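Inside the fold
Read off the chains here:
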Amino acid sequence: MVKEEDAEFHPRDPKDYDWAETRFISFSVPEEQLFGNVYVLARPNVGAVISDVTIQKGFSRFPYEMDFHDPHMHLPCPPSFRKFTLRNGLSVEAVRPPYELHYSYEHNGGNCSFEFDFTAVGEPFDCHDPNQNPLLGDTTFSGLGDQWLNGHYDVLGHVKGKLVLRGKRYAIDSYDGADHSWGPRKEEGIRAMGWTAAAFGPDYGLHTVFHLNLKNGQVTYDKLRFGYVVDEGQTYGLVSAELTATRIDMIAVSNHIRAVDVRGKVHEMRGTAIAGHPQYAINPCQAVFQTLFRYEVNGRVGYGESADCFGLDYLAERMSALGRYRSGVPAATSQ
């Protein structure tokens, strides 16, 4: 169960330099084909913070086509994770954690600013709570490494505020996802996972986390690690799910989700990409391919971000010339 005190830095061995605490939130302006991410990874025992703000309108295949990037790798770590301001101009406050968050940002170069509030819909999903996660005792839940060893929760919510990007003003009024993790996290790019959310308003949404598999140049979503739906304000864990996607240059451009929750209710939706890009700045050991999807279910339209996160060494082992040579995979079968 997620508690209010989980908004703060957690007790830890002060000699554990791999300990990390993260915050992630997404926001979107779907009618403008625009979406953004705000990511913070703090290492309180090291005294440093990674923080990145990324915003994209429409599609880009290469980082130099991106509308806005502001990655920082060595910011001083604040004394509190509940309310802080970083030297890159980002301020975060857990107003009523984990249900209400406030974000503001002023780019040091003057190219971007935003301010918005996040209000949860449904209960935050604690993947370590057996009352919420029916897969907790399954081997499906293990094997992704140390990212969420100690604690992790996801939550869907209403994001409302304003954005100014390179002189143009936008109103933010979307339903998106946020999460918070804590525990040991090594900077080793040897794994791959997919984070996908879809939200249709205050009463309905879905979130999944999958293992990813990359073989012969083809990406597939393997086993469901965990997931949940918010249905009429109630949060229900998933017992199974399948996700498929078609891609251009590793960026998903369409997908199909079929999930079953603990009540046996089936949730099925197809997504069409309205924006997408590669993201190489969220963490030095990862490449993330992000998409903003438009979904339609029973006449209702929803939106959500999909982020396929690959460790750089994971990609190199499967996609580089030397990696293919060592594994015996001919170059012609890789993208």
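Going by the structure above, here's the rest.
In what follows, the accompanying structure is described. (Residues numbered from 1 in each chain as written. Predicted model: local features only at pLDDT ≥ 70, side-chain atom pairs only at ≥ 80, totals over all residues. Heavy atoms only, no water.)

What to know about the pairing of strand E15 (residues 234-248)
As defined by bridge partners, strand E14 (residues 218-231) adjoins E15 across 4 bridges and the pair is classed as antiparallel. Residue pairing in the sheet places Val229 in a bridge with Tyr236 of E15. Turn length for the E14-E15 hairpin, with the two strands adjacent in sequence and antiparallel, is 2 residues, and the turn residue Glu232 shows positive phi of about 55 degrees. In this structure, E15 lies alongside strand E16 (residues 251-261), joined through 10 bridges in antiparallel fashion. Residue pairing in the sheet places Leu243 in a bridge with Ile257 of E16. Here E15 folds back onto E16, and the loop between the two strands holds 2 residues, one of which, Asp249, carries a positive phi near 50 degrees. (Pairing = 2+ DSSP bridges. Helix = DSSP H or I, 4+ residues; strand = E, 2+ residues; numbered from the N terminus.)

A closer look at the sheet that holds E15
The pairing of strands in a sheet comes from backbone hydrogen bonds and takes either a parallel or an antiparallel form. Ordered in space as E12-E13-E14-E15-E16-E17-E18-E19, the 8 strands form a closed barrel in which the pairing is antiparallel. For this sheet, the mean angle separating the axes of adjacent strands, direction not counted, is 25 degrees. Across the face of the sheet, helix H1 (residues 312-319) comes into contact with strand E12 (192-201), strand E13 (204-215), strand E18 (286-297) and strand E19 (300-311) while running at roughly 75 degrees to E19. (Axes fitted to C-alpha atoms, helices over the stretch in contact; angles between N-to-C directions. Contact = heavy atoms within 4.5 Å.)

Some words on unusual backbone geometry
Following Pro97, the chain continues into Pro98 via a peptide bond in cis, with omega recorded as -5 degrees. Along the chain, Pro98 falls in the loop between strand E6 (90-96) and strand E7 (100-106). Unusually for a residue other than glycine, Asn216 sits at a positive phi of about 55 degrees. Checked against the element boundaries, Asn216 lands in the loop between E13 and E14. According to the relative accessible area criterion, Asn216 is partly exposed, its value standing at 38%. Of note in the backbone geometry, Asn298 takes a positive phi value of approximately 50 degrees without being a glycine. One can find Asn298 in the loop between E18 and E19. (Buried < 20%, exposed > 50% of the residue type's maximum accessible area, 1.4 Å probe, protein only.)

Overview of the side chain of Asn255
Looking at the element boundaries, Asn255 is found in strand E16. Beyond its immediate sequence surroundings of up to four residues, Asn255 is in contact with Thr196, Leu243, Thr244, Ala245, Met269, Arg270, Gly271, Phe293 and Tyr295.

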